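Observations on the model geometry
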Amino acid sequence: QVQLVESGGGLVQAGGSLRLSCAASGGAFSTRCMGWFRQAPGKEREFVAAITWRGGATYYADSVKGRFTIFRDNTKNLVYLQMNSLKPEDTAVYYCAASRSYYSGTTYNNPNEYEYWGQGTQVTVSS
């Protein structure tokens, strides 16, 4: 089984930056695609970013392209989300997620492609 623990959330002013981290344990990190999703109060969970097994390809929601960067360190079982130029509409609980081992599909924005989820970390952006 896989356990995911997010950290790095907090309160930041618009235009500021945060880096979220997700620590994975339980097995086969380097064979799983990883994703970040977020959920604001009263809204459904939405895709933010994803990265392939070894970090060779990344994918982003249109709303965060050019501002957010996803990257991973497979030697440490860590995946990160660097968030720059933050906006109030980025306020949400952010979740990391892991796909099944050897996932090779293309629908990285579909939460059904992910088997494991962290508990989330709150990001609040003030105006």
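Further up the page is the structure itself.
Residues numbered from 1 in each chain as written. Predicted model: local features only at pLDDT ≥ 70, side-chain atom pairs only at ≥ 80, totals over all residues. Heavy atoms only, no water.

1. Considerations on the pattern of salt bridges
Applying the stated criterion across every chain yields a total of 5 salt bridges. Linking Arg38 and Asp90 is a salt bridge whose minimum nitrogen-to-oxygen distance equals 2.9 Å. Highlighted residues: Arg38 in strand S4 (residues 34-39) and Asp90 in the loop between strand S8 (78-83) and strand S9 (92-99), separated in sequence by 52 residues. In this structure Asp90 comes out as buried when scored by relative accessible area, which is 1%. Ionic pairing is found between Asp62 and Lys65, a salt bridge with its closest N-O pair at 3.1 Å. Using a relative accessible area of 64% as the deciding quantity, one classes Asp62 as exposed. Connected through shared salt-bridge partners, Arg38, Glu46, Arg67 and Asp90 make up one network. (Salt bridge = Lys/Arg side-chain N within 4 Å of Asp/Glu carboxyl O. Helix = DSSP H or I, 4+ residues; strand = E, 2+ residues; numbered from the N terminus. Buried < 20%, exposed > 50% of the residue type's maximum accessible area, 1.4 Å probe, protein only.)

2. Observations regarding the state of the cysteines
Within this structure, the stated rule accounts for 1 disulfide. Paired through a disulfide, Cys22 and Cys96 show a sulfur-sulfur distance of 2.0 Å. When the S-S torsion is 55°, as for the bridge of Cys22 with Cys96, the disulfide is right-handed. With Cys22 in strand S3 (residues 18-25) and Cys96 in strand S9, the pair connects residues that are 74 residues apart, well separated along the chain. Here the two residues Cys22 and Cys96 agree in accessibility, since each one is buried. (Disulfide = S-S within 2.5 Å.)

3. Some thoughts on the nonpolar core
Membership of the largest hydrophobic core comes to 36 residues, with the highest contact counts inside it found for Leu4, Trp36, Leu81, Met83 and Tyr94. Only S3, S4, strand S5 (46-51), strand S7 (68-73), S8, S9, strand S10 (114-117) and strand S11 (121-126) provide two or more residues apiece to this core. When neighbours within four sequence positions are excluded, Leu81 is seen to be in contact with Leu18, Arg19, Leu20, Trp36, Val48, Ala49, Phe68, Thr69, Ile70 and Tyr94. (Core = buried A, V, L, I, M, F, W, Y, C linked by side-chain atoms within 4.5 Å. Contact = heavy atoms within 4.5 Å.)

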